[in-house]
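What the coordinates show
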Amino acid sequence: MIEHFKKFDKKNDEGKVIKSLLPLSFSHLNEFAFQRDRWALKRIFDYDFPSSAAAERGKAVEAGLNMWLNGMDSEKATNLMLDQFHANCELFDDPKTEEEEYNLIPLFKKGMISFQEYGFKWNLIGFQKKLELEIQGIPMIGYTDFHFEDKQTKEDFYIDLKTTKRKPSGLSMSHAMQQSIYHKGTNAQQKLWYLIAKKSGADFEPMNLTDYDKPMRVCEHIISVMGKYLESVNSKEDVKNSIIPNPDDWIWRDTAVLEARKEVWGY
C-alpha cells in the first residue's frame with residue numbers, strides 16, 4: 001500500500017525527495033477523513049496556509065507552562081509566552097488576535113493551578129517529544145506535550161494539553177484518535193487536559209481515554225481508505241475531479257483557504 005502514498009512524492013533534479021505525503025500525522029488523517037478538500041489543497045496542491053491566533057494561543061500557553069514547570073519564575077514565563085504569541089501572530093492577519101491575547105494569562109494561570117495540585121506527585125521528564133511509529137505499515141510522526149513520571153510508582157505518562165473557548169461535552173473521536181496514536185507510539189498512559197477560556201477567568205477539565213482500541217481502529221480504517229483513494233488517482237487533475245468542496249463548510253471563512261479553493265475548483 002505504501003507505494004500509493006509515494007506516488008505523489010516530489011523530487012529535485014538529483015532525484016531526492018523534497019516533499020512527500022509521508023510520514024503521516026494525526027492532522028493529516030483527520031483532514032483526509034473529515035475535510036478532504038482542505039487536505040487536497042495542502043497535501044496535493046501544495047498550498048501553505050497561515051496559522052491562526054487560536055492555534056498560536058495553544059502553542060504559547062503550552063510553552064509558558066513548560067518554562068514554568070522547569071523552574072522559571074511565573075512572571076518571566078508569562079512575558080515570554082506573550083512575546084512568542086505576538087511574534088507568531090505578526091506573520092498573519094487574524095481579526096481574533098486581540099481576543100486570543102486576552103485569553104492567554106487566564107489560561108496560563110489556570111494551567112499553573114492545575115499542575116500545582118499534582119506537582120508533589122510528579123516529575124516532568126520531557127516536553128514535545130517526537131514520536132515515530134507505523135500503522136498499517138505506513139510511517140507516522142507526532143509530537144507529545146508533557147511527559148511526566150509518577151514519583152512513587154515510577155510509571156511514566158503523557159498529558160496532552162488543549163486550550164479552547166468552549167467546554168467539551170465529552171471526548172471527541174478526533175481527540176481520542178490522537179490519544180490512541182500517542183499511546184501506540186509511547187506505550188504509556190495518555191491524559192487529556194482542557195483549559196477553557198471564559199469571559200472572566202478559565203476552567204479546567206481533565207479527561208482520560210480508557211479504550212484505545214476503538215479510535216485506533218478508526219485510524220487504521222482511515223489509512224486503508226486513504227491508500228485505496230491514492231491508488232485510484234494519478235495526478236492533481238485526478239484529485240481535483242474526485243473531490244467536491246462543500247461551499248458551506250466553516251473552513252472557507254479563512255480568506256487564503258477560500259482563494260485556494262477558487263484557484264483549484266473555480267468556485
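Here, every reference points to the structure presented above.
Each value, and the rule that gives it
Residues numbered from 1 in each chain as written. Predicted model: local features only at pLDDT ≥ 70, side-chain atom pairs only at ≥ 80, totals over all residues. Heavy atoms only, no water. Helix = DSSP H or I, 4+ residues; strand = E, 2+ residues; numbered from the N terminus. Buried < 20%, exposed > 50% of the residue type's maximum accessible area, 1.4 Å probe, protein only. Contact = heavy atoms within 4.5 Å. Lys, Arg positive; Asp, Glu negative; His and termini not counted. Salt bridge = Lys/Arg side-chain N within 4 Å of Asp/Glu carboxyl O. Polar contact = N/O pair within 3.5 Å; in protein donor to acceptor, adjacent residues only side chain to side chain. Pairing = 2+ DSSP bridges. Axes fitted to C-alpha atoms, helices over the stretch in contact; angles between N-to-C directions. Expected span 1.5 Å × (residues − 1). Bend = angle between axes of the 7 residues up to and from the residue. Left-handed = near helix turned anticlockwise from the far one by under 90°. Nonpolar A, V, L, I, M, F, W, Y, C, P; charged D, E, K, R; others polar. Core = buried A, V, L, I, M, F, W, Y, C linked by side-chain atoms within 4.5 Å. Phe/Tyr/Trp six-rings, centres within 6.5 Å; stacked < 30°, edge-to-face > 60°.

Here we look at the side chain of S114
Tracing the backbone through its elements, the reader meets S114 in helix α6 (residues 97-116). Accessibility expressed as a relative area gives 2% for S114, which makes it buried. Sequence-distant contacts of S114, that is, excluding residues within four places in its chain, are made with W193, L195 and F204.

Looking at the side chain of D150
For D150, the position within the fold is in strand β6 (residues 146-150). Buried within the structure, D150 lacks any salt-bridge partner; K121 is the closest side chain of opposite charge, at an N-O distance of 7.2 Å. At a separation of 3.0 Å, a polar atom in the side chain of D150 contacts the main-chain amide nitrogen of T153. In contact with D150, not counting residues within four places along its chain, are K121, W122, E155 and F157.

Examining the sheet that holds strand β9 (residues 202-208)
The mixed open sheet is built from five strands, whose spatial order is β3-β6-β7-β8-β9. Edge positions in the open sheet fall to β3 (122-127) and β9, since each of these has one partner strand only. Put simply, the sheet's adjacent strands are angled 30 degrees from each other on average, direction ignored. With eight bridges connecting them, strand β7 (residues 156-164) and strand β8 (residues 189-197) associate as parallel partners. Looking at β8, one finds that K162 is bridged to Y194. Sheet strands touched by helix α4 (residues 53-69): β3, β6, β7 and β8. Its angle to β7, the strand with the most contacts, is close to 135 degrees. Against the sheet, helix α7 (residues 173-186) contacts β7 and β8, and its axis sits at roughly 145 degrees relative to β8.

Some points on unusual backbone geometry
L22 connects to P23 through a cis peptide bond whose omega is 0 degrees. On the secondary structure map, P23 appears in the loop between β2 (17-19) and α2 (26-34). A positive phi angle is found at Q136, which is not glycine, with a value near 55 degrees. With respect to the helices, strands and loops of the structure, Q136 is situated in the loop between β4 (130-135) and β5 (138-143).

Regarding α6
In this model α6 runs 29 Å from its N-terminal to its C-terminal C-alpha over 20 residues, within 8% of the 28 Å that 1.5 Å per residue would give. By the largest-angle criterion, L104 marks the main kink of α6, which is about 30 degrees, and a proline, P106, follows within four residues. For α6, the full list of buried residues reads T97, E100, N103, L104, L107, F108, G111, M112, S114 and F115. Looking at the buried side of α6, the elements it contacts are α4, α5 (74-89), β6, β7, β8 and β9.

Concerning the packing of α2 against α7
The contact between α2 and α7 brings their axes to 10 Å, and the two run at 145 degrees. In the crossing of α2 with α7, the sense of the turn from one axis to the other is right-handed. Every residue of α7 that contacts α2 at F26, L29 and N30 is listed here: S174, M177, Q178 and I181. Of the residues belonging to the contact of α2 with α7, the class tally is four nonpolar, three polar and no charged.

Observations regarding the pattern of salt bridges
Within this structure, the stated rule accounts for 14 salt bridges. Through salt bridges with shared partners, a single ionic network connects K10, K19, D46 and K236.

Some words on the nonpolar core
In terms of nonpolar packing, the biggest core is built from 38 residues, with L24, L29, I181, L230 and V239 touching the most fellow members. Breaking this core down by element, the ones donating at least two residues are α2, α3 (36-43), β4, β5, α7, α8 (213-232) and α10 (255-265). Of the residues forming this core, the biggest block, seven residues, is contributed by α8. Every residue in contact with L24, bar those within four places of it in the chain, is listed here: F5, L29, I138, P139, M140, I141, I223 and M226.

Focus on the packing of aromatic side chains
Evaluation of the coordinates by the stated rule reveals 17 aromatic pairs. Ring geometry for F45 against W265: centres 6.3 Å apart, planes inclined by 65 degrees, an arrangement best described as edge-to-face. On the criterion of sequence distance, the pair formed by F45 in the loop between α3 and α4 and W265 in helix α10 is long-range, its members being 220 residues apart. Classification of F45 as buried rests on a relative accessible area of 15%.

Overview of the pairing of β9
Strand direction decides the pairing type here: β8 and β9, joined by seven bridges, are antiparallel. Looking at the pairing, I196 lines up with D203 of β9. Count of turn residues in the β8/β9 antiparallel hairpin: four residues, of which G201 carries a positive phi of about 90 degrees.

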